[in-house]
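Coordinates in review
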Amino acid sequence: DTVIYINYREENDISPPYPNPSRTSMMVEFTSGGPQVVNCAIYSTAGKLCLSETRALHEGLNQLEFHLDSLENGNYILRILTQSFTRSYPLILIR
């Protein structure tokens with residue numbers, strides 16, 4: 001018998017940031033149903049905006065890498081905003 005594995009991800013499927021905890025950078029994988037713009041922002045737990053980037057996505061799997069060198073050790077919130085939804089994830093930065 002032949003077994004076929006299919007890695008299926010739904011449109012607008014987002015992976016939690018990894019690695020988490022992170023040292024210098026993190027990745028987020030985002031499956032997009034078509035071209036769109038996404039805003040990714042990192043906030044301190046006190047609500048201060050620490051980093052904000054706008055990225056253009058293409059249809060299919062997108063791998064977004066974020067460099068965190070400008071941030072101090074600590075706990076943060078990653079907010080991902082598109083035209084259709086907002087998602088938030090905890091992020092820990094350690095060096």
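Above this text is the structure in question.
Definitions and cut-offs
Residues numbered from 1 in each chain as written. Predicted model: local features only at pLDDT ≥ 70, side-chain atom pairs only at ≥ 80, totals over all residues. Heavy atoms only, no water. Pairing = 2+ DSSP bridges. Helix = DSSP H or I, 4+ residues; strand = E, 2+ residues; numbered from the N terminus. Axes fitted to C-alpha atoms, helices over the stretch in contact; angles between N-to-C directions. Salt bridge = Lys/Arg side-chain N within 4 Å of Asp/Glu carboxyl O. Buried < 20%, exposed > 50% of the residue type's maximum accessible area, 1.4 Å probe, protein only. Contact = heavy atoms within 4.5 Å. Polar contact = N/O pair within 3.5 Å; in protein donor to acceptor, adjacent residues only side chain to side chain.

**Comments concerning the sheet that holds strand β2 (residues 25-32)**
Taken in spatial order, the three strands make up an open sheet running β1-β2-β5, and their pairing is antiparallel. Lying at the two open borders of the sheet, with one neighbouring strand each, are β1 (13-14) and β5 (60-67). Sheet analysis places β1 next to β2, joined by two bridges and oriented antiparallel. Note on β2: the bridge partner recorded for Ile14 is Phe30.

**Here we look at the sheet that holds strand β4 (residues 49-57)**
One open sheet accounts for four strands, arranged β4-β3-β6-β7; its pairing is antiparallel. Either end of the sheet is taken by a strand with one partner, and the two such strands are β4 and β7 (86-93). Taken over all neighbouring pairs, the strand axes of this sheet differ in orientation by 20 degrees on average, direction set aside. Across eight bridges, strand β3 (residues 36-44) lies against β4 in antiparallel orientation. Within the sheet, the bridge partner assigned to Tyr43 lies in β4 and is Leu49.

**Some remarks on the pattern of salt bridges**
Per the counting criterion, the structure on display carries one salt bridge. Here Arg55 makes a salt bridge to Glu53, at a shortest N to O gap of 2.5 Å. Owing to a relative accessible area of 21%, Arg55 belongs among the partly exposed residues under this scheme.

**Digging into the environment of Arg95**
With respect to the helices, strands and loops of the structure, Arg95 is situated in the segment after β7. Along the chain, Arg95 and Glu72 lie 23 residues apart, while their C-alpha atoms are 8.8 Å from each other. Residue contacts for Arg95: discarding those within four places in its chain leaves Arg23, Thr24, Leu68, Asp69, Leu71 and Asn73. Side-chain polar atoms of Arg95 contact the backbone oxygen of Leu68, separated by 3.1 Å. Here Asp69 takes part through its backbone oxygen, which lies 3.5 Å from a polar atom of the side chain of Arg95.

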